[in-house]
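Residue strings, one per chain:
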Amino acid sequence: ERPDVDRVYMAFVQATTGSGGWPMSVWLTPELKPFYGGTYFPPTSRWGRPGFVDILQEISNAWKTDQDKVRQSADAVTAQLRGAGRTPAADSVPGPGALAWTMMQFKQSFDTVNGGFGTAPKFPRPSELLFLLREHARTGDADALNMAVATLDAMARGGMRDHVGGGFHRYAVDAAWRVPHFEKMLYDQAQLVLAYLEAGQATGDASHIDVAEDTLRYVMREMTDAAGGFYSAEDADSVPPEHAGEEQGHKAEGAFYLWRSGDVDALLGDEAAVVKGRFGIEPDGNAPVDPQQEFVGKNVLYVARSIDNLSTDTGIPSSDISGILSRARLRMFRARLDRPRPHLDDKVLTAWNGLMIAAFGRAARVVRGGRG
């Protein structure tokens, strides 16, 4: 019965939260019937999401004060989900109508202002972007291409991307992709590389290929072991630079990646103004979402202004601004090396390595073939 039970748990989370994935947490009655669940809960409440400890306290209270109601709810939803699972299997492969229905669902949930689908938090969801790109290739549906490209561009401009060291963080806690959960996962890098490569092939826009190559350079530099395998992840939290060297220094979300305006001035001198304009760096910090007050006075880098816009405002030629940004990135990267790093999860997992090998292989074929 175990496969059926596992299916019910995942179906329960999908039905009650609107999505399903890992890590999955499900609370059960003693009879193993689910009554509450979700995909990810931070240790403490943050980003508008309840913390794991807070959830445990609420569930404990509900079980003590209204156990009969909890059990009735679990019995009803389990019976409903098992009944739905007994639908006879279709005797034929779904046709193009299933793809058209899926396209309609994407169009209804697409965020026309910020890119992506639905509201915060927003995950990369590269398999869905690849579906859209391939539907465009199959049918010529312009909406499919536009939704995928708008989302990929928004992620590349936003705080989801590490604009100093390359690669992508796990997800954005806000709808505009500005503030990430700073963890970096190998499988995200692999699948996003494929999505950016296919977007570059579909549009002919070299910037998408550039993002893919930049992400691969990050993986080669930070996520590859001496034997050629790929590590699994880098944590979101690390000791803030101002507390480096302290015994048992308290770790904070994104500490390795955040910048104070004054530190950028001291590091870059006369060129700091251009860099601050490019990446939206403000004197008092720029995070629009900060429920735990971990970003006070600090900045999450995102592309706030285009090079052409900066050139118009400053009178500096675009080519010179590109040079300033390139030099600044290297200097900021080197300065960041002195900070306490996030913990590296150095497991080498076969499935995730397979994804990464596929990404490198596809990139070699696309780039060698003239970028599309």
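Here goes a summary of the coordinates provided. (Residues numbered from 1 in each chain as written. Predicted model: local features only at pLDDT ≥ 70, side-chain atom pairs only at ≥ 80, totals over all residues. Heavy atoms only, no water.)

## What about the side chain of Asp-162?
Worth spelling out the cut-off: To qualify as a helix, a DSSP run of H or I must reach at least 4 residues; to qualify as a strand, a run of E must reach at least 2; elements of each kind are numbered from the N terminus. Distance and chemistry together define a polar contact, namely a pair of N or O atoms within 3.5 Å, with one atom able to donate a hydrogen and the other to accept it when in protein, and with adjacent residues in sequence counting only for side-chain atoms on both sides. Contact definition: two residues touch when any of their heavy atoms are within 4.5 Å.
With respect to the helices, strands and loops of the structure, Asp-162 is situated in the loop between α6 (142-157) and β3 (171-172). At 3.0 Å, the side chain of Asp-162 and the backbone nitrogen of Gly-165 are in polar contact. Side-chain polar atoms of Asp-162 contact the side chain of Arg-336, separated by 3.0 Å. The residues touching Asp-162, leaving out its near neighbours within four places in the chain, are Gly-167, His-169, Lys-184, Tyr-257, Arg-329 and Arg-336.

## Notes on the layout of surface pockets
We apply this condition: Put plainly, a pocket is an open set of points on a 1 Å grid over the protein atoms alone with protein on both sides within 12 Å along at least five of seven lines, a cavity is a set where a 1.4 Å probe fits but cannot get out, and a lining residue has an atom within 4 Å of a point. Grid points are joined across faces, edges and corners, and a volume is the space filled by probe spheres set on the points. Charged residues are taken to be Asp, Glu, Lys and Arg, nonpolar residues to be Ala, Val, Leu, Ile, Met, Phe, Trp, Tyr, Cys and Pro, and polar residues to be all remaining types, Gly included.
When its volume is computed, the second largest pocket comes out at roughly 540 Å³. Contributing to the lining of the second largest pocket are 17 residues, with Arg-161, His-163, Arg-278, Phe-279 and Leu-325 lying nearest its centre. Mapped by element, the contributors of at least two residues to the lining of the second largest pocket are α6 and α12 (318-336). Counted by class, the lining of the second largest pocket contains 8 nonpolar, 4 polar and 5 charged residues.

## Here's the deal with the packing of helix α4 (residues 96-109) against helix α5 (residues 126-139)
The condition is simple: Only the stretch in contact is used when fitting a helix axis, every axis being a line fitted to C-alpha atoms; angles between N-to-C directions are given from 0 to 180 degrees. Working rule for angles: under 35 degrees goes down as roughly parallel, over 145 as roughly antiparallel, 65 to 115 as roughly perpendicular, anything else as oblique. Each crossing is labelled by how the near helix is turned from the far one, with a counterclockwise turn of less than a right angle marking it left-handed and a clockwise turn marking it right-handed.
In the contact formed by α4 and α5, the axes pass within 11 Å of each other and the chain directions differ by 120°. Relative to α5, the element α4 is oriented oblique. Crossing of α4 over α5 shows left-handed handedness. Packed against α4, whose contacting residues are Pro-96, Leu-99, Thr-102, Met-103 and Phe-106, the element α5 presents Glu-128, Phe-131, Leu-132, Glu-135 and Arg-138 at the interface.

## Focus on the pattern of salt bridges
Cut-off, in case you're wondering: Note on definitions: salt bridges are taken to be side-chain nitrogens of Lys or Arg within 4 Å of carboxyl oxygens of Asp or Glu. Here the term buried applies to any residue with accessible area under 20% of the maximum for its type, exposed to any over 50%, and partly exposed to those in between, with areas from a 1.4 Å probe on protein chains only.
For the structure shown, the criterion picks out 24 salt bridges. With its nearest N and O atoms 3.8 Å apart, the salt bridge here joins Asp-214 to Arg-217. Residue Asp-214 and its partner Arg-217 are located together in helix α8 (residues 206-222), separated by 3 residues, close to a single helical turn. Note on Asp-214: relative accessible area 7%, which makes it buried.

## Overview of the side chain of Thr-215
Its place among the elements puts Thr-215 in helix α8. Residue Thr-215 is classed as buried on the basis of its relative accessible area, which comes to 2%. Of note is the side chain of Thr-215, whose polar atom sits 2.8 Å from the backbone oxygen of Val-211. Discounting residues that sit within four places of it in the chain, Thr-215 has contacts with Gly-167, Phe-168, Gln-189 and Val-193.

## Observations concerning the sheet that holds strand β6 (residues 233-234)
Stated precisely, the cut-off is as follows: Following DSSP output, two strands are said to pair if at least two bridges run between them.
Sheet architecture is open: 3 strands sit in the order β5-β6-β9, paired in antiparallel fashion. In this open sheet, the two strands that pair with only one neighbour each are β5 (184-185) and β9 (344-345). The sheet contact formed by β5 and β6 spans 2 bridges and is antiparallel. Bridged to Met-185 within β6 is Ala-233.

## Comments concerning the pairing of strand β2 (residues 34-38)
Of all 5 residues making up β2, 4 are buried, and the element is well covered by its neighbours. Taken together, the 4 bridges between strand β1 (residues 25-28) and β2 define a ladder with antiparallel strand orientation. When the sheet's bridge partners are listed, Val-26 is paired in β2 with Gly-37. Here β1 folds back onto β2 in antiparallel fashion, the turn holding 5 residues, of which Leu-32 has a positive phi close to 70°.

## Some details on the packing of α5 against helix α7 (residues 186-203)
Between α5 and α7, whose axes approach to 9 Å, the crossing angle comes to 20°. The pairing of α5 with α7 is recorded here as roughly parallel in orientation. Of the two possible hands of crossing, α5 and α7 adopt the one that is left-handed. Seen from α5, the contacting residues are Pro-126, Leu-130, Leu-133 and Arg-134; seen from α7, they are Gln-191, Leu-192, Leu-194, Ala-195, Glu-198 and Ala-199. The residue makeup of the contact of α5 with α7, split by class, is 7 nonpolar, 1 polar and 2 charged.

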